[in-house]
2 protein chains.
Amino acid sequence: MKYNFPITRTTTPKAKPDPDTLRFGQLFTDHMFIMEYTTGKGWHDGKIVPYAPLQIEPAAAVFHYAQEMFEGLKAYKSKDGRVLLFRPDMNAKRTTSTNERMCIPHLDEELMVEAIKAVVNVDKDWIPEKKGTSLYIRPFIIADEPFLGVRPSDHYLFMVILSPVGPYYEGGLAPTKIFVEDDFVRATPGGTGFAKIGGNYAAGMKSQEKAHEKGYEQVLWLDGVERKYVEEIGTSNAFFKIHDEVITAPLSGTILPGITRDSVINLLKQWGIKVSERRLTIEEVFEAGKQGKLIEMFATGTAAVISPVGELSWKDEKVVINNGEIGELSQKLYDELYGLQIGEVEDTLGWTVQV
Amino acid sequence: MKYNFPITRTTTPKAKPDPDTLRFGQLFTDHMFIMEYTTGKGWHDGKIVPYAPLQIEPAAAVFHYAQEMFEGLKAYKSKDGRVLLFRPDMNAKRTTSTNERMCIPHLDEELMVEAIKAVVNVDKDWIPEKKGTSLYIRPFIIADEPFLGVRPSDHYLFMVILSPVGPYYEGGLAPTKIFVEDDFVRATPGGTGFAKIGGNYAAGMKSQEKAHEKGYEQVLWLDGVERKYVEEIGTSNAFFKIHDEVITAPLSGTILPGITRDSVINLLKQWGIKVSERRLTIEEVFEAGKQGKLIEMFATGTAAVISPVGELSWKDEKVVINNGEIGELSQKLYDELYGLQIGEVEDTLGWTVQV
Ligand SMILES: Cc1ncc(COP(=O)(O)O)c(C=O)c1O
Ligand SMILES: Cc1ncc(COP(=O)(O)O)c(C=O)c1O
């Protein structure tokens, strides 16, 4: 290995959780990766230390101006004992474009992947092995220089923390009910929709709360200018199978370039299925629904991999998709992607990376 | 006083800074106010303690999903020794609407003002007295529950920290050069433009960096949908005096409802000057500039009070305003507002609050 991060091991290891009761993002492992950035010096002193609270000044920039970013990926343990990551280079690439937009200093992509591997390796006994469980990996950067004033910070922390997680949806692959948001807006051209930053998520909570109150699991965002083009579903990308075409919003700056989205597009192409990255109006979706041409709809993301949509509500209209059941394509994509991630489907594309 | 916050005094007070070399937001006083929120229990245990680093878990929501908000106001010491705040009830009101948008639990407005007064009172010897200096007050709320997942936190901290600051612009009231941003967008209807939250500022840094590179001090934001209506200048509201009308953008959800903005509108009305809160296109501004009808332009905000604009640049066009000099109205507004704030102009409107 090119990088050799010093490791300080915990003297008080925690008990591993019961894999049957794991939820999402509640527990953290024994160690974390931490590295500093200082203007003039660059990124320095990357190391693995026991997971512990940070000492941060109340004036730290992150608390006031939200100069921060994060990533998310998972580690799985295969049946033959290999520890596998799924396309971590894509998380590093997305970090580069997020950082550029947020005036956060560039983080070397290879270094980022090596840091992830190193800390996962130290805590590999924390990877749960029950079907549907995994070790969720959360790399993130925060601006921690203590000053008030709107300008990029001169000091940052890059960290990687790890959380053993259960299946995202308790009941496994089950169709969700989605609400089309036409009041609140997530992103707009010239904004930060393509970047993985705290501010985008804070801004979206209100809409999600509204959806929950109305009995829906997530929201489908529309574009911020005309409020007619479909963009994303909550924290995942959206796919629509209309007749024989699979459609997803293009990467035009307002949606997150999902790694699962990219993988799905690749698989569909490989399977000879027509897939289009194009603008799609919500009217077109409902029109297709009424005509029985909206064959399937699903969301893609690291947390749930593939999440089929069973019902879509927009204003006074409602459309039930595939009788509220899991579609054939959704199931096939889930099986293939999940199979690749846990090392049970042969990886001909070089997507899995062994720790 | 209705509230009686316990006070733990520092045993190691810091030396007060030299008032001649004060900058903005670099130094903090000896104490801070801190109060917790726990779901089910509400806000509790407000107290004044020595200014010190926080112990926060790496998984705290604020680091990942930027669920956070802040406010800003100033304390001045009048010649006769009174400690004055300027319209703190307006900061509390704005906090209410910000919190509502961000799914942050409501903070009682009176409690917030009393907390500010209490901590300013403890550190009142830190209020610098030199002309142009003040004690900047930063109330803020951060979500510190340690969990990963996009939902409102179940634990928060409300804090007030204090920073003795110098004049915002080193040279005093001097006209600035402003760049019209027509690529990046600050806010859009349905978004968070009216809320005082970290995410809005993180998103704006890139544009400000671009303006600096081009030799401009700040950016003038245009609306996010049509990119033609003027909105705000950096972290302040924008006013345009065209012929005999003073125009500023309306409070339609995309701009911050500035307290200085509100005060300026009130004063102008009181002085019998025509003032309109209406949409104004950037074309109209430049047209007026060419015809010699753009008499003055200025930004308003707590930091600089009134900041005249001497030059405005948009695409390939440039307009010099009032020969790049301070306008009559800008100067008069500054004198009146600053005079009120430091207790030298008689307060007939009840805007100043004594600590
Ligand atoms: C807003 C948003 N869109 C899409 C995604 C899906 O991206 P990925 O497939 O890389 O997890 C995520 C989650 O990471 C997200 O937060
Ligand atoms: C975006 C923005 N607009 C306007 C203002 C001016 O508001 P106020 O006059 O209350 O300071 C501020 C600063 O507080 C701001 O950050």
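The rules behind these values
Residues numbered from 1 in each chain as written. Chains lettered and ligands numbered in written order. Predicted model: local features only at pLDDT ≥ 70, side-chain atom pairs only at ≥ 80, totals over all residues. Heavy atoms only, no water. Domains from an automatic or database assignment. Contact = heavy atoms within 4.5 Å. Buried area = accessible area lost by both parts, 1.4 Å probe. Salt bridge = Lys/Arg side-chain N within 4 Å of Asp/Glu carboxyl O. Polar contact = N/O pair within 3.5 Å; in protein donor to acceptor, adjacent residues only side chain to side chain. Nonpolar A, V, L, I, M, F, W, Y, C, P; charged D, E, K, R; others polar. Near = heavy atom within 4 Å. Areas by Shrake-Rupley, 256 points an atom, 1.4 Å probe, with all protein chains shown as cover. Helix = DSSP H or I, 4+ residues; strand = E, 2+ residues; numbered from the N terminus. Least-squares fit on C-alpha atoms with pLDDT ≥ 70 in both.

All names here are of chain A. You can read the domains of chain A as domain 1 (19-166) and domain 2 (176-341). In this assembly, 22 residues from domain 1 lie in contact with 21 residues from domain 2. Buried surface at the junction of domain 1 and domain 2, summed over both partners, amounts to about 2000 Å²; 63% is from carbon and sulfur atoms. Our count for the domain 1 to domain 2 interface comes out at one salt bridge. Measuring nitrogen to oxygen at the nearest pair gives 2.9 Å for the salt bridge that ties aspartate 262 to arginine 87. The interface formed by domain 1 and domain 2 holds 10 residue pairs in polar contact (both at pLDDT 80 or more) in total. Among the residues forming the side of domain 1 that touches domain 2, the class breakdown is 10 nonpolar, five polar and seven charged.

With that settled, the discussion passes to the site of ligand 2. Residues and elements named next belong to chain B. Every one of the 16 residues lining ligand 2 counts as a neighbour, but Tyr201, Glu232, Ile259, Thr260 and Thr302 are closest to it. At 2.9 Å from an oxygen atom of ligand 2 is found a side-chain nitrogen or oxygen belonging to arginine 94. A distance of 2.8 Å is found between an oxygen atom of ligand 2 and a side-chain nitrogen or oxygen belonging to lysine 196. When ligand 2 sits alone it has 380 Å² of accessible area, and the protein chains cover 95% of it. Contributing elements (two or more residues each) for the shell around ligand 2: strand S12 (236-242), helix H5 (259-270) and strand S15 (294-301). Partitioning the shell around ligand 2 into residue classes produces three nonpolar, nine polar and four charged.

The topology assignment puts Ile142(A) in strand S7 (residues 134-143). Considered as a pair, Ile142(A) and Gln341(A) are 199 residues apart in the sequence and their alpha carbons are 29 Å apart. Setting aside its immediate chain neighbours within four residues, Ile142(A) contacts Leu54(A), Ile56(A), Val62(A), Gln67(A), Glu68(A), His155(A), Tyr156(A), Leu157(A) and Phe63(B).

The transformation that overlays chain A on chain B combines an axial shift of 0.0 Å with a rotation of 180°, and the residual RMSD is 0.0 Å. Expressed as an axis order, the relation between the two copies is that of a two-fold axis. Relative to the rotation axis, the C-alpha of Gly199(A) is the closest in chain A, positioned 2.0 Å from it. When you check the interface residues of chain A against chain B, 100% turn up at the interface there too, and the contact is symmetric in its surfaces.

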